[in-house]
Amino acid sequence: MKGLLLKDLYALSGYWKQYGMVLGFMAVWSIFMKSFSFLAVYAILLGGMLTMSLMTMDENTHFCRYALTMPVSLRTMIKEKYVAFVISMGTGCALAFLVELLMAATPWGEGKVEWVMLIIMSTFFIIAFSVYFPIVYKYGVEKARYTYILILILMGAAVLGVIRLTGDETILMLDGFPAPFAAVCLIGILLIVDAAAFSISYHVALRTVKDKEW
């Protein structure tokens, strides 16, 4: 699996200038708008989209068909893509939290509310990509792309619905506890949700490719 992971990392290294330019533009725009929230969310989204790019490249080059001629199992190939997703998404989330940390030193920061929303958005995208990956292995990248857009729309509608029904009550529930305790509880709950979605996605993907002809 190490070789497959290095292959993907080398493939992504050719795009670092493009992604760097986009992030730089987002940073300048955020300064102009006096809000880094969009930059932070985009960093998280970009982390997941990097894995989408890897899957697209593999499909366009028929890499899976080629890899099966080598001593590499389907389980290893799928596991490697999920590991690549953890690395890219983890990097995106780390960058997003670094942006928010730097923003806290400016008068534009919104304090705890913005941190909470950033943590929730991380889980939002992790769940969306967890649903997306098995669909890619079932129907291919192009068909799954539309499904991913639909997933984001439905999840976005669900989040907006909860916000409209509860207002600030969800965030205010944390006010009765010390800040460190509330943060640990929130992160712990969301990490469990992320791990469950990720594990289910991985096992569904394995079942999907079990009898697939490449």
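Keep in mind that what you see is a predicted model, and the values were worked out from it rather than measured.

How do you make sense of the packing of aromatic side chains when you look at a structure like this?
Each aromatic ring pair is described using two quantities: the centre-to-centre distance and the angle formed by the ring planes. Here the structure, examined in full by the defined rule, presents 10 aromatic pairs. Residues tyrosine 82 and phenylalanine 133 carry aromatic rings whose centres are separated by 5.5 Å and whose planes lie at 75° to one another, so their mutual orientation is edge-to-face. With tyrosine 82 in helix H5 (residues 74-103) and phenylalanine 133 in helix H6 (residues 112-139), this pair connects stretches of sequence that are 51 residues apart. Here the two residues tyrosine 82 and phenylalanine 133 agree in accessibility, since each one is buried. For the pair phenylalanine 85 and phenylalanine 129, a centre-to-centre distance of 5.6 Å together with 55° between the ring planes defines the contact as tilted. Placement of phenylalanine 85 in helix H5 and of phenylalanine 129 in helix H6 is noted, with a sequence separation of 44 residues between them.

Please clarify how helix H1 (residues 2-13) should be interpreted in this entry.
Structurally, the α-helix is built with 3.6 residues per turn, so residues lying three or four positions apart point the same way. Its 12 residues place the ends of H1 16 Å apart at the C-alpha level, agreeing with the 16 Å of an ideal helix rising 1.5 Å per residue. For H1, the full list of buried residues reads Leu4, Leu5, Asp8 and Leu12. Along the axis of H1, the buried residues cluster in a sector spanning 100°; they form a single face. Exposed residues lying more than 90 degrees from the buried face of H1 are Lys2 and Tyr10. Summarising the contacts, the buried residues of H1 are in contact with helix H2 (16-33), helix H3 (37-60), helix H4 (63-67) and H5.

Help me out: how do you make sense of a nonpolar patch on the surface in this one?
On the surface, a cluster of nonpolar side chains totalling about 500 Å² of accessible area is made up of Phe25, Trp29, Phe32 and Met33. Considering the arrangement of structural elements, one finds methionine 33 in helix H2. We classify methionine 33 as partly exposed; its relative accessible area is 45%.

Criteria and thresholds
Residues numbered from 1 in each chain as written. Predicted model: local features only at pLDDT ≥ 70, side-chain atom pairs only at ≥ 80, totals over all residues. Heavy atoms only, no water. Phe/Tyr/Trp six-rings, centres within 6.5 Å; stacked < 30°, edge-to-face > 60°. Helix = DSSP H or I, 4+ residues; strand = E, 2+ residues; numbered from the N terminus. Buried < 20%, exposed > 50% of the residue type's maximum accessible area, 1.4 Å probe, protein only. Expected span 1.5 Å × (residues − 1). Arc of directions from axis to C-beta. Contact = heavy atoms within 4.5 Å. Patch = residues over 30% accessible without salt bridge, like charges linked within 9 Å, V, L, I, M, F, W, Y side chains within 5 Å. Areas by Shrake-Rupley, 256 points an atom, 1.4 Å probe, with all protein chains shown as cover. Salt bridge = Lys/Arg side-chain N within 4 Å of Asp/Glu carboxyl O.

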